Amino acid sequence: MKKTVIIGGGASGLFLATLLKKDYIILEKTSEIGRKIKISGGGKCNITNKNLSPDNYRGDKNFIKKIFNRFDNKDLLRFLDENHLKVKELKPNQYFFNSSEELLSFFRQKVKHISFNTEVKDIQGNKIITNKGVFEAKNIVIATGGASFKKLGASDIGLRLGEKLGHSFEEFKPALVGLTVQPSEYWFKNLSGISFKADVYVGLKKYSQNILFSHKGITGPAILNTSLWWERGKIKIDFLAGKNVFFYLKNPDKQISTQLPLPKRFVKEFLKAQQIEDKKVKFLSNQERNRLKNINSYEFAPAGTFGFERAEVSKGGINTDEVDFFMRSKKVGNVFFLGEVLNVTGELGGYNFQWAFSSAFNAFGFLRR
Ligand SMILES: Cc1cc2nc3c(=O)[nH]c(=O)nc-3n(C[C@H](O)[C@H](O)[C@H](O)COP(=O)(O)OP(=O)(O)OC[C@H]3O[C@@H](n4cnc5c(N)ncnc54)[C@H](O)[C@@H]3O)c2cc1C
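Residues numbered from 1 in each chain as written. Predicted model: local features only at pLDDT ≥ 70, side-chain atom pairs only at ≥ 80, totals over all residues. Heavy atoms only, no water.

### Looking at the packing of aromatic side chains
- All told, the structure shown has 36 aromatic pairs when counted by the stated rule.
- Each ring, one from Phe15 and one from Phe357, has its centre 4.8 Å from the other, and the planes form 70°; the classification is edge-to-face. Remark: Phe357 occurs in helix α12 (residues 351–367) and Phe15 occurs in helix α1 (residues 11–20); sequence separation between them is 342 residues. Accessibility classification places Phe15 together with Phe357 in one group, the buried group.
- With 6.5 Å between their ring centres and 55° between their planes, Tyr57 and Trp355 make a pair best called tilted. Pair noted here: Tyr57 is in strand β4 (residues 57–58) and Trp355 is in helix α12, with a separation of 298 residues, a long-range link. Taken individually, Tyr57 and Trp355 each receive the classification buried, so the pair is uniform in this respect. (Phe/Tyr/Trp six-rings, centres within 6.5 Å; stacked < 30°, edge-to-face > 60°. Helix = DSSP H or I, 4+ residues; strand = E, 2+ residues; numbered from the N terminus. Buried < 20%, exposed > 50% of the residue type's maximum accessible area, 1.4 Å probe, protein only.)

Rendered as structure tokens:
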């Protein structure tokens, strides 16, 4: 019997195993480790971010802060450096590897005790029931991730196991994902492939990043981040990212589309949707001028999301007020929850790996004893 069984050979499980060094076994459903690591960050794994704060996460801010107090982005960068793993700031504040393979081969070297193709079905006391028989452990770590990208082995088993152990949770929903649109915004679909910087507002959050129109609706970093907070109801886009439309429409003898610093195809479709002809500014009626202001505050209610198949993460998860700062269940003492299975979800930019590694480090604080 191993001291610790880690269910899931993804980011958090692998990091915990690396720290533990011995007396553990990972039970991994698929035939390889870290399938999400492999494809993350466009194959370069955006591991963390220079700016780290609980505000970058959906979840209990106090809890998140306490977890980062023990292991934050600086600690992770130091760990990588000490282990000769080189990362670069390829996008502002975001650290990437040259290739995700560098992190994966590090884990392959460090993590030796893995049972592949082993799908955990149930936990009964200190017994872990799998398709390959029963494993026993003093400590059981649930590191099964979220439900997005099912083709990579993802499932909501972590929630089902947690539920059985008496935990409450928020059901997983797709997050960091594009948004589909209602008929009033079908004009977005005619703009598939067009991308530019805009300000997107959702609740009290604002994201000033690129939006990308797609044949399914709207996506791009600003929208992916918006999806973290959007549940239902309206979001707002300032397509001119903070500059009033009439700041640009200074020349009364020129057409609208020639004066706005936006892709012409977008301006034409926007004007059509607002029932405004693309004409010289001096010919605009007062009503048309008013409707034109919508370009600074275009409000609409998305229809839904592109779904789990396209979502980078799942929001929701096991409620964090039911685990202590060692990520240990307050309901059943020998069970731990790490990473995405917990109700903590980060924005784009390396925040989700940081959370996976920080939560694993905190659990290590208890499990190394
Ligand atoms: C396309 C894509 C790109 C991403 N890019 C980034 C990025 O650049 N930066 C970033 O911070 N985050 C990124 N993420 C998110 C990040 O990958 C996850 O948040 C992170 O991997 C979560 O770590 P985890 O350990 O909780 O779960 P995972 O890494 O998902 O690991 C869970 C493991 O559990 C296994 N498992 C599931 N069910 C069972 C079972 N019943 N029995 C045994 N094993 C099981 C799975 O096969 C998997 O190996 C990306 C995600 C996707 C899908």
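### Some thoughts on the pattern of salt bridges
- Summed over all chains, the structure comprises 20 salt bridges.
- Via salt bridges that share partners, Arg58, Glu170, Lys173, Glu231 and Lys315 belong to a single interconnected network. (Salt bridge = Lys/Arg side-chain N within 4 Å of Asp/Glu carboxyl O.)

### Describing the site of the ligand
- Contacts to the ligand come from 35 residues, most closely from Ser12, Glu28, Asn46, Glu340 and Phe353.
- At a separation of 3.1 Å, an oxygen atom of the ligand approaches a polar backbone atom of Gly41.
- Phe353 places a main-chain nitrogen or oxygen 2.7 Å from an oxygen atom of the ligand.
- About the coverage of the ligand: the protein hides 95% of its 1000 Å² of free accessible area.
- Elements with a minimum of two residues in the shell around the ligand: α1, α2 (35–39) and α12.
- It is α12 that contributes the most residues to the shell around the ligand, four residues altogether.
- In terms of residue class, the shell around the ligand is made up of 13 nonpolar, 16 polar and six charged. (Near = heavy atom within 4 Å. Polar contact = N/O pair within 3.5 Å; in protein donor to acceptor, adjacent residues only side chain to side chain. Areas by Shrake-Rupley, 256 points an atom, 1.4 Å probe, with all protein chains shown as cover. Nonpolar A, V, L, I, M, F, W, Y, C, P; charged D, E, K, R; others polar.)

### Remarks on the pairing of strand β5 (residues 88–91)
- Two strands pair when backbone bridges link them, and β5 and strand β6 (residues 94–96) are joined in this way by three bridges, in the antiparallel orientation. Directly across from Glu89, in β6, lies its bridge partner Tyr95.
- Hairpin remark: β5 followed by β6, antiparallel, with two residues in the connecting loop; positive phi at Asn93, about 70°. (Pairing = 2+ DSSP bridges.)

### Quick notes on the domain arrangement of the protein chain
- Each assigned domain of the protein chain is listed here: domain 1 (2–174 + 314–367) and domain 2 (180–305).
- Of note, the centres of domain 1 and domain 2, computed from C-alpha atoms alone, are 38 Å apart.
- Each partner contributes residues to the interface: domain 1 has ten residues there, and domain 2 has eleven residues.
- The largest per-residue losses of area from domain 1 upon contact with domain 2 belong to Arg58, Glu347 and Leu348, which jointly make up 54% of the total buried on that side.
- Our count for the domain 1 to domain 2 interface comes out at three salt bridges.
- In this structure, Glu231 engages Lys173 in a salt bridge whose closest nitrogen and oxygen atoms are separated by 2.8 Å. (Domains from an automatic or database assignment. Contact = heavy atoms within 4.5 Å. Buried area = accessible area lost by both parts, 1.4 Å probe.)

### Description of the sheet that holds strand β18 (residues 304–305)
- The antiparallel open sheet is built from seven strands, whose spatial order is β17-β16-β13-β14-β15-β12-β18. This sheet does not close on itself; its edge strands, each paired only once, are β17 (298–300) and β18.
- Relative to β18, strand β12 (residues 179–180) is paired through two bridges, and the arrangement is antiparallel. Along β18, the bridge assignment pairs Thr180 with Gly304.

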